[in-house]
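Understanding the architecture of this molecule
These are the residues of each chain, in order.
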Amino acid sequence: VVLGLGNYSYVFASVSLMQMTKAAMGPIVACIASFVTGTEPGSVPLLQVMSLIALGAFMMVYSDVRLAPLGLCLQVASIVFENIRLQLLQLLFDGSSSRPKMDSIS
């Protein structure tokens, strides 16, 4: 799903917009996903930094002359699904009191 949506978004929008969107939205979505799953604790300074990154991402998308909404939506969906997958892997490897830790290194 991640690879398909990400690649298909390049059909509708420019490569530069898709790369900037991935670089700007990735950390924001990863931070939100880690807060939702409880793998990272939230803090005010981190929220301020994420707000600044989100503002920069919005300004970047707003200023793009050839904005393709469908391509942008596909890329954002790809980023969201990728971060959901990464958070599920982190939950699997970290373990909890009810399941064993799956990390082979520690």
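Keep in mind the model is a prediction, meaning the values are calculated, not measured. (Residues numbered from 1 in each chain as written. Predicted model: local features only at pLDDT ≥ 70, side-chain atom pairs only at ≥ 80, totals over all residues. Heavy atoms only, no water.)

1. Details of the overall build of the protein
Under the convention used in this document: Only DSSP runs of H or I with at least four residues qualify as helices, and only runs of E with at least two residues qualify as strands; both kinds are numbered from the N terminus onward. Note on contacts: a residue pair qualifies if any of its non-hydrogen atoms lie within 4.5 Å across the two residues. Using a 1.4 Å probe, the Shrake-Rupley method yields the accessible areas, and only the shown protein chains count as cover for residues.
When you go through the protein residue by residue, the secondary structure sums to four helices and zero strands. Starting at the N terminus and ending at the C terminus, the protein contains elements arranged as α-α-α-α. The contacts in the protein between residues at least 6 apart in sequence include a share of 75% that link residues at least 24 apart. Accessible surface computed for the protein: about 7000 Å², of which carbon and sulfur atoms make up 72%.

2. Remarks on helix H3 (residues 44–63)
Under the convention used in this document: Multiply 1.5 Å by the residue count of a helix minus one, and that product is the helix's expected span. Categorising residues by exposure relies on relative accessible area from a 1.4 Å probe, with only protein chains included: less than 20% of the type maximum marks a residue as buried, more than 50% marks it as exposed, and the intermediate range marks it as partly exposed. Comment: arc refers to directions from the helix axis out to C-beta atoms.
With 20 residues, H3 extends 29 Å between its outermost C-alpha atoms, agreeing within 8% with the 28 Å of an ideal straight helix rising 1.5 Å per residue. If you check which residues of H3 are buried, you get Met-50, Ala-57, Met-60 and Val-61. Summarising the axial view, the buried residues of H3 lie within an arc of 95°, below the 170-degree limit, and thus occupy one face. Turned more than 90 degrees from where H3 packs its buried face, Val-44, Pro-45, Gln-48, Leu-52, Phe-58, Met-59, Tyr-62 and Ser-63 sit exposed. Packed against the buried residues of H3 are helix H2 (15–37) and helix H4 (69–94).

3. Brief notes about the environment of Leu-46
Structurally, the position occupied by Leu-46 is in helix H3. When its relative accessible area of 30% is taken as the criterion, Leu-46 is described as partly exposed. For the pair Leu-46 and Cys-31, spaced 15 residues apart in the sequence, the C-alpha separation amounts to 8.9 Å. Leave out the neighbours within four places in its chain, and Leu-46 touches Cys-31 and Phe-35.

4. Topic: H4
Given 3.6 residues per turn, any residue in an α-helix points the same way as the ones three and four places further on. The end-to-end C-alpha distance of H4, which contains 26 residues, comes to 37 Å, matching closely the 38 Å that a straight helix rising 1.5 Å per residue would cover. Within the span of H4, buried status applies to Gly-71, Leu-72, Leu-74, Gln-75, Ser-78, Ile-79, Asn-83 and Gln-87. Considering only its buried residues, H4 is in contact with helix H1 (2–12), H2 and H3.

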